[in-house]
Amino acid sequence: MTSRLPALAALFLLAGCTAAPPSRPVASATPADDNLNATAWVQNAVEHDLIYLQTYRDAQQRLGSALADARWDALTPADRLQSSNGLPPAVVLDVDETVLDNSPYQARLIRARAPFDQASWDAWCREARARALPGVVAFTRQAAAQGIKVIFISNRDKALDEATLANLRQVGVPVAGPEALLGLGTTVPGCTQHASDKGCRRQWVSRHYRVLMQFGDQLGDFLDIPENTPAGRAASVKPYLDWIGRRWFVLPNPSYGSWEPALFGNDWKLAVPERRLRKIETLRVD
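Residues numbered from 1 in each chain as written. Predicted model: local features only at pLDDT ≥ 70, side-chain atom pairs only at ≥ 80, totals over all residues. Heavy atoms only, no water.

### Overview of the pairing of strand 5 (residues 181-184)
Move 1: As paired strands, strand 4 (residues 149-157) and strand 5 are joined by 3 bridges and run parallel to one another. When the sheet's bridge partners are listed, Ile153 is paired in strand 5 with Leu182.
Move 2: Taken together, strand 4, helix 7 (residues 161-171) and strand 5 form a β-α-β motif whose crossover is right-handed. (Pairing = 2+ DSSP bridges. Helix = DSSP H or I, 4+ residues; strand = E, 2+ residues; numbered from the N terminus. Right-handed = clockwise from strand over helix to strand, strands pointing away.)

### Side note on the packing of helix 4 (residues 103-112) against helix 5 (residues 118-127)
Move 1: Their axes nearest at 10 Å, the elements helix 4 and helix 5 cross at an angle of 140°. The pairing of helix 4 with helix 5 is recorded here as oblique in orientation. Read as a crossing pair, helix 4 and helix 5 show a hand that is right-handed. Two secondary-structure elements touch here, helix 4 through Pro104, Tyr105, Arg108 and Leu109 and helix 5 through Ser120, Trp121, Trp124 and Glu127. (Axes fitted to C-alpha atoms, helices over the stretch in contact; angles between N-to-C directions. Parallel < 35°, antiparallel > 145°, perpendicular 65-115°, else oblique. Left-handed = near helix turned anticlockwise from the far one by under 90°. Contact = heavy atoms within 4.5 Å.)

### A closer look at the sheet that holds strand 1 (residues 89-93)
Move 1: Read from one edge of the open sheet, 5 strands run 5-4-1-6-7, paired in parallel fashion. Each edge of the open sheet is held by one strand with a lone partner, namely strand 5 and strand 7 (248-250). Strand-to-strand twist of the sheet, defined as the mean angle between neighbouring strand axes without regard to direction, takes the value 15°.
Move 2: In this structure, strand 1 lies alongside strand 6 (residues 210-216), joined through 5 bridges in parallel fashion. Along strand 6, the bridge assignment pairs Leu93 with Phe215.

### Brief notes about the side chain of Asp217
Move 1: Mapped onto the fold, Asp217 is located in the loop between strand 6 and helix 9 (230-237).
Move 2: Buried charge Asp217 goes without a salt bridge, the closest partner of opposite sign being Lys198 at 6.5 Å.
Move 3: Engagement of the side chain of Asp217 in a polar contact is seen with the side chain of Gln218, the distance being 2.9 Å.
Move 4: Among the polar contacts made by the side chain of Asp217, one reaches the side chain of Asn253 at a distance of 2.8 Å.
Move 5: The residues contacting Asp217, other than those within four sequence positions of it, are Asp94, Asp96, Glu97, Thr98, Leu251 and Asn253. (Buried < 20%, exposed > 50% of the residue type's maximum accessible area, 1.4 Å probe, protein only. Lys, Arg positive; Asp, Glu negative; His and termini not counted. Salt bridge = Lys/Arg side-chain N within 4 Å of Asp/Glu carboxyl O. Polar contact = N/O pair within 3.5 Å; in protein donor to acceptor, adjacent residues only side chain to side chain.)

### Some remarks on unusual backbone geometry
Move 1: Not every positive phi belongs to a glycine, and Glu97 is a case in point at roughly 65°.
Move 2: On the basis of relative accessibility, which here comes to 9%, the residue Glu97 falls in the buried class.

### Some details on the nonpolar core
Within soluble globular proteins, side chains that are nonpolar generally end up buried alongside one another.
Move 1: In terms of nonpolar packing, the biggest core is built from 38 residues, with Val91, Leu93, Phe152, Val173 and Met213 touching the most fellow members.
Move 2: Going through the elements one at a time, helix 3 (46-68), strand 1, helix 4, helix 5, helix 6 (136-145), strand 4, helix 7 and strand 6 are the ones with two or more residues in this core.
Move 3: Each residue touching Val173, except ones within four places of it in the same chain, is listed here: Val99, Val136, Val137, Thr140, Phe152 and Leu168.
Move 4: If you look at the next biggest cluster of nonpolar residues, it comprises 21 residues, including Leu75, Ile153, Cys200 and Leu219. (Core = buried A, V, L, I, M, F, W, Y, C linked by side-chain atoms within 4.5 Å.)

### Some points on the packing of aromatic side chains
Move 1: Under the defined criterion, the tally for this structure stands at 11 aromatic pairs.
Move 2: An aromatic cluster is defined as three or more aromatic residues linked by ring pairs; in this entry it consists of Tyr56, Phe139, Phe215 and Phe249.
Move 3: Here Arg247 stacks its cationic end above the ring of Trp72, 4.1 Å away from the centre of that ring. (Phe/Tyr/Trp six-rings, centres within 6.5 Å; stacked < 30°, edge-to-face > 60°. Lys NZ or Arg CZ within 6 Å of the ring centre and 35° of its normal.)

### Observations concerning the pattern of salt bridges
Should the charged atoms of two oppositely charged side chains come close, the side chains can pair.
Move 1: This structure, assessed with the given rule, holds 14 salt bridges.
Move 2: One salt bridge in this structure joins Asp58 and Arg62, with 3.4 Å as the shortest N-O distance. Remark: Arg62 and Asp58 occur in helix 3; sequence separation between them is 4 residues, near one turn of the helix.
Move 3: In this structure Arg62 comes out as partly exposed when scored by relative accessible area, which is 33%.
Move 4: Arg80 is the partner of Asp73 in a salt bridge, and the nearest nitrogen-oxygen pair spans 2.9 Å. Like Asp73, the residue Arg80 is buried in the burial classification.
Move 5: Taken together, the shared-partner salt bridges connect Asp79, Arg202 and Asp224 into one network.

And the structure:
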């Protein structure tokens with residue numbers, strides 16, 4: 001329908017009225033959980049890509065010595081259920097934001113001013129269009145060429161396994177059979193999984209492989225976290241600080257992760273503005 005505002009303005013002027021036509025509505029306030037800067041950095045900052053290249057190239061250089069050292073293992077004692085002696089070697093990688101770049105999904109949420117929801121996430125995963133992150137294809141191909149099994153432990157639901165495997169193959173990382181991907185909901189005999197913890201799946205890997213390296217963008221990709229608070233997270237990783245950059249390779253994810261709910265008591269029932277206030281309270285100003 002043609003706007004009537006110009007005609008109304010003319011009538012006001014003819015009548016000697018100086019009032020302007022109604023102004024456009026003021027844009028709504030920035031959402032309290034706005035993810036714009038984080039997603040813009042992931043997609044546009046060359047520094048983001050360089051961090052990934054740096055990490056995977058460093059891991060490539062260390063792979064040979066890790067393979068040659070029969071005592072080398074990247075699983076914690078809690079996840080290592082039996083001796084790794086004589087077991088074939090493997091590397092373990094998370095999928096999202098470690099191998100595959102899902103920033104287009106985050107961008108869609110931002111443009112739609114929509115929160116995360118499982119249905120839209122599952123739909124994105126089924127598109128199988130995520131790109132490989134810098135450096136990961138070269139690293140995983142080198143590992144496979146040296147006879148090292150490449151295993152992916154993902155918190156994508158197992159119902160998404162087929163789409164995820166298709167996406168991994170499409171970007172060029174080596175995928176050797178369905179057991180290469182352990183999705184959320186994978187049954188591990190003798191182990192009860194808690195929420196999305198990956199401990200049971202790492203324990204399955206421990207029965208079959210000596211793990212040379214682990215890669216992830218979340219602390220939970222390396223070990224289970226008993227207490228998801230800032231202090232609890234720091235305490236969990238403290239015994240393994242010497243492993244960082246040697247056995248464990250941590251990648252950046254400013255968009256989402258278990259670090260965020262740790263800042264507001266893991267209480268997702270809180271209103272978004274309240275979560276924001278609690279996160280602001282954690283910020284250091286000196």
